[in-house]
Amino acid sequence: MRKSKRERQRLLQETIRENPFITDEELAEKFSVSVQTIRLDRLELAIPELRERIKNVARQSFADKVRALPLEEVIGDIIDIEPDASAISIFDVKEEHVFRRTRIARGHHLFAQANSLAVAVIHDELALTAKATIRFVRQVKEGERVVAKAKVAGKTAHGRTIVEVNSYVGQELVFSGTFEMYRSNIEKKDGDSNEHRD
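Residues numbered from 1 in each chain as written. Predicted model: local features only at pLDDT ≥ 70, side-chain atom pairs only at ≥ 80, totals over all residues. Heavy atoms only, no water.

You'll find the protein entered in an unreviewed UniProt entry as Transcription factor FapR, with Geobacillus jurassicus given as the organism. On record in UniProt, under Function (unreviewed entry), the comment for the protein is "Transcriptional factor involved in regulation of membrane lipid biosynthesis by repressing genes involved in fatty acid and phospholipid metabolism." On record in UniProt, under Sequence similarities (unreviewed entry), the comment for the protein is "Belongs to the FapR family." (UniProt positions renumbered as here; feature names shortened; annotations may be inferred.)

What follows is the structure, encoded as C-alpha cells:
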C-alpha cells in the first residue's frame with residue numbers, strides 16, 4: 001500500500017537523517033516511487049542532493065581532522081577519516097571525467113582521488129607524496145561510483161609514512177596504490193622522547 005505524500009516525506013526526512021549517503025535511486029526503490037518524485041520531495045523539504053549532503057557531513061565532521069590540505073582540494077568526498085590511521089572517500093565518475101569516445105574514466109582522476117586521500121589521512125600541516133607505486137586493475141566507466149579506502153601501513157627506514165589505498169566499484173577492486181608520504185613533523189613525532197637524552 002502506498003503511503004500518503006505527507007507520510008512519505010516524513011519517512012524520507014527520517015531516512016536521510018539516519019543515512020545521509022543514501023541515493024535518490026535507493027530512496028525511490030525504498031518508497032516505491034519514481035526518482036523524480038523523490039527529487040520533488042527533497043526540493044519541497046529543502047533537503048540537498050546527495051553530493052551536497054556528503055559535503056555538509058564532511059565539513060562538519062572532518063574539518064578538524066584533515067590538516068594537510070583543505071577539504072575542497074580532496075578529489076572525491078571524504079565520508080570517513082581517522083587521522084594517521086584510515087580514510088574513505090567516494091568519487092562519482094561523470095561525463096567530464098571520461099574519454100568522449102569510450103566513456104572510460106581518465107586514469108588521472110582515479111590516481112588523484114587515491115593520492116589526495118593519502119595526503120588527507122596524514123595528520124600534519126604538510127604532507128607530500130614522495131613516491132607512489134600504483135596499479136590500474138580495471139577500467140572505470142561513466143556513472144560508476146569509486147570508493148577509495150586508505151590505510152596507514154607503517155613507516156619506511158627514512159621515516160616516511162606508508163599509506164595503502166585500494167579503490168573499488170561495488171566490491172570489485174579497480175585501483176591500488178602504495179604511497180610513501182613525506183610529513184613535516186617526522187623529527188617531532190619520532191624524536192620527542194629521545195631529544196634530551198645524554
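Asker: Explain the overall build of the protein to me, please; I cannot follow it from the model alone.
Answerer: Helix and strand counts for the protein come out as six helices and six strands. Of the roughly 11,700 Å² of accessible surface on the protein, a fraction of 48% belongs to carbon and sulfur atoms. (Helix = DSSP H or I, 4+ residues; strand = E, 2+ residues; numbered from the N terminus. Areas by Shrake-Rupley, 256 points an atom, 1.4 Å probe, with all protein chains shown as cover.)

Asker: Would you mind going over the nonpolar core with me for this structure?
Answerer: In a soluble, globular protein the nonpolar side chains are often hidden away together inside. Core analysis: the biggest nonpolar cluster contains 28 residues, and Val 93, Val 140, Val 146, Val 163, Val 165 and Met 181 have the highest contact counts within it. No other element matches the seven residues that helix α5 (residues 107-121) contributes to this core. Those residues in contact with Met 181 that lie beyond four places of it in its chain are Ala 118, Val 119, Ile 122, Leu 128, Thr 129, Arg 160, Thr 161 and Val 163. Counting residues in each nonpolar core, the second largest holds ten residues, with Leu 12, Ile 16, Leu 27 and Ile 38 among its members. (Core = buried A, V, L, I, M, F, W, Y, C linked by side-chain atoms within 4.5 Å. Buried < 20%, exposed > 50% of the residue type's maximum accessible area, 1.4 Å probe, protein only. Contact = heavy atoms within 4.5 Å.)

Asker: Would you explain the environment of Glu 95 in this entry?
Answerer: Here Glu 95 shows up in the loop between β2 (86-92) and α5. Assessed through its relative accessible area of 53%, Glu 95 is described here as exposed. Each residue touching Glu 95, except ones within four places of it in the same chain, is listed here: Arg 103 and Glu 142.

Asker: Looking at this structure, how should I read the pattern of salt bridges?
Answerer: This model, assessed by the stated rule, comprises 15 salt bridges. Residue Arg 8 is joined to Asp 41 by a salt bridge in which the shortest nitrogen-to-oxygen separation is 2.6 Å. Of the two residues, Arg 8 sits in helix α1 (residues 5-18) while Asp 41 sits in helix α3 (residues 35-45), which places them 33 residues apart along the sequence. Grouping residues by exposure puts Arg 8 and Asp 41 together as buried. Asp 92 is the partner of Arg 145 in a salt bridge, and the nearest nitrogen-oxygen pair spans 2.7 Å. (Salt bridge = Lys/Arg side-chain N within 4 Å of Asp/Glu carboxyl O.)

Asker: Got a minute to help me understand the packing of α1 against α3 in this structure?
Answerer: Put simply, α1 and α3 touch, their axes get as near as 10 Å, and they point 80° apart. With respect to each other, α1 and α3 are oriented roughly perpendicular. Packed against α1, whose contacting residues are Lys 5, Arg 8, Gln 9, Leu 12, Gln 13 and Ile 16, the element α3 presents Thr 37, Ile 38, Asp 41, Arg 42, Glu 44 and Leu 45 at the interface. Residues belonging to the contact of α1 with α3 are distributed by class as follows: four nonpolar, three polar and five charged. (Axes fitted to C-alpha atoms, helices over the stretch in contact; angles between N-to-C directions. Parallel < 35°, antiparallel > 145°, perpendicular 65-115°, else oblique. Nonpolar A, V, L, I, M, F, W, Y, C, P; charged D, E, K, R; others polar.)

Asker: Is there a simple way to explain the pairing of strand β4 (residues 145-155) in this structure?
Answerer: In summary, the side chains of a regular strand alternate between the two faces of the sheet. Of the strand pairs in this sheet, β2 and β4 are connected by seven bridges, and their pairing is antiparallel. Following the sheet pairing, Ala 87 is matched in β4 by Ala 150. Here eight bridges tie β4 to strand β5 (residues 161-169), and the two strands are oriented antiparallel to one another. Its bridge partner being in β5, Gly 154 is matched across the sheet by Ile 162. (Pairing = 2+ DSSP bridges.)

Asker: Mind showing me how you'd approach the layout of surface pockets here?
Answerer: Of the pockets and cavities examined, the largest pocket occupies roughly 380 Å³. Contributing to the lining of the largest pocket are 17 residues, with Glu 25, Leu 50, Asp 92, Lys 94 and Arg 145 lying nearest its centre. Looking at the lining of the largest pocket, the element that brings in the most residues is helix α4 (residues 50-62), giving three residues. Here the residues of the lining of the largest pocket are counted per class, giving four nonpolar, two polar and eleven charged. Looking at the lining of the largest pocket, you find at least three residues from each of domain 1 (5-71) and domain 2 (74-183). (1 Å grid on protein atoms, 1.4 Å probe; cavity = no way out; pocket = protein on both sides within 12 Å on 5 of 7 lines; lining within 4 Å. Points joined across faces, edges and corners; volume = space filled by probe spheres on them. Domains from an automatic or database assignment.)

Asker: Looking at this structure, how should I read the packing of α1 against helix α2 (residues 24-31)?
Answerer: When two helices pack together, their arrangement is given by the angle between the helix axes and by the axis-to-axis distance. With their axes 12 Å apart at the nearest point, α1 and α2 run at an angle of 135° to one another. By the angle between their directions, the pair α1 and α2 is classed as oblique. The handedness of the crossing between α1 and α2 comes out as right-handed. Contact residues: Arg 8, Leu 11, Leu 12, Thr 15 and Ile 16 in α1; Leu 27, Lys 30 and Phe 31 in α2. Partitioning the contact of α1 with α2 into residue classes produces five nonpolar, one polar and two charged. (Left-handed = near helix turned anticlockwise from the far one by under 90°.)

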